[in-house]
Amino acid sequence: VGEIPEPDPPVVPGAPLTGHRGTIYLIAYSPDGRTLASAGEDHTVRLWDMRDRRRPAPLGALTGADAAVRSVAWSPDGRLLAAGGAATEIRLWNVTDPRRPERYGTALSGHTGLVHSVAFSPDGTVLASGSSDDTVRLWNVADPRRPSGIGSPLTGHTGPIWSVAFNSAGTMLAAASADSTASLWDVTAPGYPSQIGEPLAGSSGEMYALGFSPDGRTLATGSGDSKVRLWSI
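A.B. asks: Can you explain the overall build of the protein chain? Please cite residues and give values.
C.D. replies: From N to C terminus, the protein chain includes zero helices and 19 strands. Its C-alpha radius of gyration of 18 Å places the protein chain within 12% of the 17 Å reference for a compact globule of 233 residues. C-alpha atoms of the protein chain, sized along the principal axes, occupy 60 × 50 × 30 Å. Sorting the 233 residues of the protein chain into buried and exposed places 47% on the buried side. Working note: accessible area of the protein chain is about 12000 Å², and carbon and sulfur atoms make up 50% of it. Counting 19 positive and 23 negative side-chain charges, the protein chain places the averaged centre of each group 9 Å from the other.

Written out as structure tokens, the structure reads:
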């Protein structure tokens, strides 16, 4: 059996993308990989044309936030962008044409703390958000012109929610918290979510990140104790 060749070292293909003023908290590629979104301390989300990665081009800034933007997510079809942050509200943007983004007028309000994470369901009709108010909220965004909250907040954690994620089927939601645990929720019927089992514990540090495997059978969590843990779901 031949040896597996070492991968080539990473190469910076061009100059850094500039324009933000202050810390950049999160970046996310659109599903088709043609556009990059960056969320910043300067109250903006910036969009970048990445079709030629050697010559990426700015597409403009999404403005209107009253505070730093900490979280951003693309809908699965790439037509909608959600952004949340220190203003406690979540904004939705029509980015069908990223050169001419259009902000939908109604902000999603209900959290009482900074919004650390947002995630779309696989069908793009539900948005989940995690906040420093220790709760997760679900939102109906099937019609982004008329978004609305779904049911009551998901509670039980005793610390900020750092990360939320749906499984690939859209039937389960996971939330990672500063209380060193992660929780699982059955969201088959988003209006009637139910917690699955006891919180996933064992970390000696805050749980900051999580993600499902593509087949939905494994959840990975990352925490402040320098460990990644795998959970059979």
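A.B. asks: Can you lay out the sheet that holds strand β5 (residues 69-74) for me, pointing to particular residues and giving the numbers?
C.D. replies: Ordered in space as β5-β6-β7-β8, the four strands form an open sheet in which the pairing is antiparallel. Taken across any chain shown, the strands that pair with only one partner, and hence form the sheet edges, are β5 and β8 (102-103). Bridging between β5 and strand β6 (residues 80-85) involves five bridges; their strand directions are antiparallel. Residue pairing in the sheet places Ser71 in a bridge with Gly84 of β6.

A.B. asks: Quick one: what's the story with the packing of aromatic side chains, residue by residue and with numbers?
C.D. replies: Here the structure, examined in full by the defined rule, presents one aromatic pair. Between the aromatic rings of Trp162 and Tyr208, the centroid separation amounts to 5.5 Å while the plane-to-plane angle is 35°, which identifies the pairing as tilted. With Trp162 in strand β13 (residues 161-166) and Tyr208 in strand β17 (residues 207-212), this pair connects stretches of sequence that are 46 residues apart. Assessed through its relative accessible area of 24%, Trp162 is described here as partly exposed. With relative accessibility at 41%, the residue Tyr208 sits in the partly exposed group. Across from the ring centre of Tyr25, 4.0 Å away, lies the NZ or CZ of Arg70, which sits over that ring.

A.B. asks: Kindly report on the pattern of salt bridges, identifying the contributing residues and their values.
C.D. replies: One pass over the full model with this rule turns up eight salt bridges. The shortest N-O distance in the salt bridge between Asp97 and Arg100 comes to 2.9 Å. Look at Arg100 and you get exposed, because its relative accessible area is 60%. What emerges from the salt-bridge pattern is a single network uniting Asp97, Arg99 and Arg100.

A.B. asks: Give me the lowdown on the environment of Gly149, citing residues and values where you can.
C.D. replies: Mapped onto the elements, Gly149 comes out in strand β12 (residues 148-154). Between the C-alpha atom of Gly149 and that of Ser203, which follows or precedes it by 54 residues, the distance is 32 Å. Ignoring sequence-local partners within four residues, the contact set of Gly149 consists of Leu138 and Trp139.

A.B. asks: Can you explain the side chain of Asp49? Please cite residues and give values.
C.D. replies: With respect to the secondary-structure elements, Asp49 resides in strand β3 (residues 45-49). What makes Asp49 buried here is its relative accessible area of 14%. A distance of 2.6 Å separates polar atoms of two side chains, one belonging to Asp49 and the other to Arg51. Residue contacts for Asp49: discarding those within four places in its chain leaves Arg34, Pro56, Ala57 and Leu59.

A.B. asks: Provide a residue-level description of the side chain of Ser203, including the pertinent values.
C.D. replies: Turning to its location among the elements, Ser203 is positioned in the loop between β16 (194-195) and β17. Since its relative accessible area comes to 11%, Ser203 is described here as buried. In this structure the side chain of Ser203 is engaged in a polar contact, spanning 2.7 Å, whose partner is the backbone oxygen of Gly205. One polar contact links Ser203 to Ser223, side chain to side chain, over a distance of 3.1 Å. Apart from the residues within four sequence positions on either side, Ser203 is in contact with Ser180, Ser223, Asp225 and Arg229.

A.B. asks: Which residues make up the environment of Arg21, and what values do they have?
C.D. replies: Tracing the sequence through the fold places Arg21 in the segment before β1 (24-29). Each C-alpha atom, one on Arg21 and one on Thr44, is 9.3 Å from the other, the two residues being 23 residues apart in sequence. Contact partners of Arg21, with chain neighbours within four places excluded, come to Glu41 and Asp42.

Reading guide: rules and limits
- Residues numbered from 1 in each chain as written.
- Predicted model: local features only at pLDDT ≥ 70, side-chain atom pairs only at ≥ 80, totals over all residues.
- Heavy atoms only, no water.
- Helix = DSSP H or I, 4+ residues; strand = E, 2+ residues; numbered from the N terminus.
- Rg over C-alpha atoms; globule rule 2.2 N^0.38 Å.
- Buried < 20%, exposed > 50% of the residue type's maximum accessible area, 1.4 Å probe, protein only.
- Areas by Shrake-Rupley, 256 points an atom, 1.4 Å probe, with all protein chains shown as cover.
- Lys, Arg positive; Asp, Glu negative; His and termini not counted.
- Charge placed at Lys NZ, Arg CZ, Asp CG, Glu CD.
- Pairing = 2+ DSSP bridges.
- Phe/Tyr/Trp six-rings, centres within 6.5 Å; stacked < 30°, edge-to-face > 60°.
- Lys NZ or Arg CZ within 6 Å of the ring centre and 35° of its normal.
- Salt bridge = Lys/Arg side-chain N within 4 Å of Asp/Glu carboxyl O.
- Contact = heavy atoms within 4.5 Å.
- Polar contact = N/O pair within 3.5 Å; in protein donor to acceptor, adjacent residues only side chain to side chain.

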